[in-house]
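# Structure assessment
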Amino acid sequence: MLGLEVVAVAVLAVSFFHSLVPGGRDWINFGILAAGATVHIQLTQRQEERRRNRTKKVLIDLTAVWTFSAALILPVPLTLLVVFLIRLQHWFIARRPAHNFIFSSITHGLAGAVAHLTYVALGPHLLGQSGWGGFWQEAGTIVLTGVVYEAIQILYVGGALALGLSSEPTLRNVLGSPADNLLEAVTIGLGAVTAILLAVVPPMVVVMAVATVVFNRLAELDQLQNDVRTDPKTGILNMRGWSESAERALERTARSGDQLALLMVDLDHFKWINDTYGHPAGDDVLRTVAQTLDEVTRPSDLVGRFGGEEFLILLPDIDEEATWDAAERIRVAIAKLHIVTTDKRGDPATIADRTTSIGVARHPRHGATLDSLLQSADAAVYLAKENGRDQVCFAPDGPVTPPAAP
């Protein structure tokens, strides 16, 4: 983090000293943006505190509405001043360790400065040309500048996360979830709209201040809905969220006559991990396995946590051979994991060579309802364990009976 901060500060210093001297209109625009950002932050303070308390991940704080618009319309010194005023107010809301707060503040400043340099280099400036050709050129310039702005933050923060993770880095925990990046992209879009309003009709920025308050509330509601459906330990769907989505997928399959498969993934000897390394290490294993399942499955597949060390994956529109290949791919991917964690004494440890027993049930061969498919997949898991573990087993045909007591 210190190394990244040194590079960022050097870039900011060069950008600052080579920037144009702010003029009178620049200071007026700065005042409008600073006032709008302050209204936004103060009116959403309680919401932002609740959002931060519900997540331990990187949080999208929606202030790009103001910092990105500043990057488009203000010179670098005033852009950095907008970032400073916003971050100063957020210090009393975030309540995070000082080094993390400084790092994220430098990230915002770096993204704003580089975005401004990109926008100026590409040109034309806002309303600099007339006609449809100028409009589309300006729109493309703003979009490209927004991509640079978001890319700087993703790479800068993602680099620090990749180096600081206790477990093996994955695309999701380094680059963020699709929902996180979509929220940031929408916020940047609102920032572009704010900059255009500031250039054309400055008083209309008041409307954007109100809009950001409403948007902040919608983001909180979306997070609440997501929390209800998400397993807090692994970040994937919990049983409630998975079942709701799986029922809808099953109904679509029944109407269309397509094929569908259900995988139950059970980690072998998981209790040994907890007993040997401790429960925090077991949690690291669960999180890493969940992230791996999310990466090796298709976007249309539903991954959820069944409970304990068991995971569920619903695979719509898939034939029997492809189902077998998908299950084997999952088994091999988990076996290749090297999970960096700690032992009971807090010393570094690596957990590797873990095996899984995977049970497979297919619709309608092994069941026409979700409950019957779950029972069939569970029976297949027991069959895999009885046959020596570390393998994929399809559910037996015919009625499923509960396993006998030992």
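The structure presented is a predicted model; accordingly, all values stated were derived computationally and were not measured. (Residues numbered from 1 in each chain as written. Predicted model: local features only at pLDDT ≥ 70, side-chain atom pairs only at ≥ 80, totals over all residues. Heavy atoms only, no water.)

## Examining the pattern of salt bridges
In total, this model carries 14 salt bridges according to the counting rule given. Asp231 is the salt-bridge partner of Arg305, the closest N and O atoms lying 3.4 Å from each other. Here Arg305 is found in strand S2 (residues 302–307), whereas its partner Asp231 is found in the loop between helix H10 (205–229) and helix H11 (239–256), with 74 residues between them in sequence. Here Arg305 and Asp231 have matching classes, each one buried. In this structure, Arg298 and Asp301 form a salt bridge, with 2.7 Å as the shortest nitrogen-oxygen distance. Overlapping salt bridges, with partners in common, bring together Asp266, Asp268, Lys385 and Arg389 in one network. (Salt bridge = Lys/Arg side-chain N within 4 Å of Asp/Glu carboxyl O. Helix = DSSP H or I, 4+ residues; strand = E, 2+ residues; numbered from the N terminus. Buried < 20%, exposed > 50% of the residue type's maximum accessible area, 1.4 Å probe, protein only.)

## Some remarks on the packing of helix H13 (residues 279–296) against helix H14 (residues 320–335)
Interhelical geometry of H13 versus H14 gives an angle of 140 degrees and a closest axis separation of 10 Å. Viewed along their axes, H13 and H14 adopt a mutual orientation that is oblique. Every pair of crossing elements has a handedness; the one defined by H13 and H14 is right-handed. For the pair formed by H13 and H14, the contact residues are Val289, Thr292, Leu293 and Val296 on the first element and Arg329, Ile330, Ala333 and Ile334 on the second. (Axes fitted to C-alpha atoms, helices over the stretch in contact; angles between N-to-C directions. Parallel < 35°, antiparallel > 145°, perpendicular 65-115°, else oblique. Left-handed = near helix turned anticlockwise from the far one by under 90°. Contact = heavy atoms within 4.5 Å.)

## Things to note about the UniProt feature "transmembrane region" (unreviewed entry) in the protein chain
In this structure's numbering, the residues bearing the UniProt feature "transmembrane region" (unreviewed entry) are residues 27–43, 64–86, 106–127, 139–165 and 185–215. Taken as a whole, residues 27–43 contains 100% helix and 0% strand, while its terminal C-alpha atoms sit 24 Å from one another. End-to-end, the C-alpha atoms of residues 185–215 are 13 Å apart, and along that stretch the chain is 87% helix and 0% strand. (UniProt positions renumbered as here; feature names shortened; annotations may be inferred.)

## Overview of H13
With 18 residues, H13 extends 26 Å between its outermost C-alpha atoms, agreeing within 8% with the 26 Å of an ideal straight helix rising 1.5 Å per residue. Among the residues of H13, Ala281, Gly282, Asp284, Val285, Leu286, Thr288, Val289, Ala290, Gln291, Thr292 and Leu293 are the ones counted as buried. (Expected span 1.5 Å × (residues − 1).)

## Side note on the sheet that holds strand S6 (residues 356–363)
Across the sheet, which stays open at both edges, the five strands sit in the order S2-S3-S1-S6-S7 with mixed pairing between neighbours. Edge positions in the sheet fall to S2 and strand S7 (391–394), since each of these pairs with one other strand and no more. Pairwise comparison of adjacent strand axes, ignoring direction, gives a mean angle of 20 degrees for this sheet. Sheet analysis places S6 next to S7, joined by four bridges and oriented parallel. Counted as the bridge partner of Val360 is Phe394 from S7. Its contacts with the sheet put H13 on strand S1 (260–267), S2 and strand S3 (310–316), and the angle it makes with S3 is roughly 5 degrees. (Pairing = 2+ DSSP bridges.)

## Some details on the packing of helix H2 (residues 24–43) against helix H4 (residues 64–73)
Contact geometry for H2 and H4: axes closest at 10 Å, N-to-C directions at 175 degrees. Taken together, H2 and H4 sit at an angle that is classed as roughly antiparallel. Contact residues: Asp26, Asn29, Leu33, Gly36, Ala37 and His40 in H2; Trp66, Ser69, Ala70 and Ile73 in H4. For the contact of H2 with H4, the class distribution of residues is five nonpolar, four polar and one charged. (Nonpolar A, V, L, I, M, F, W, Y, C, P; charged D, E, K, R; others polar.)

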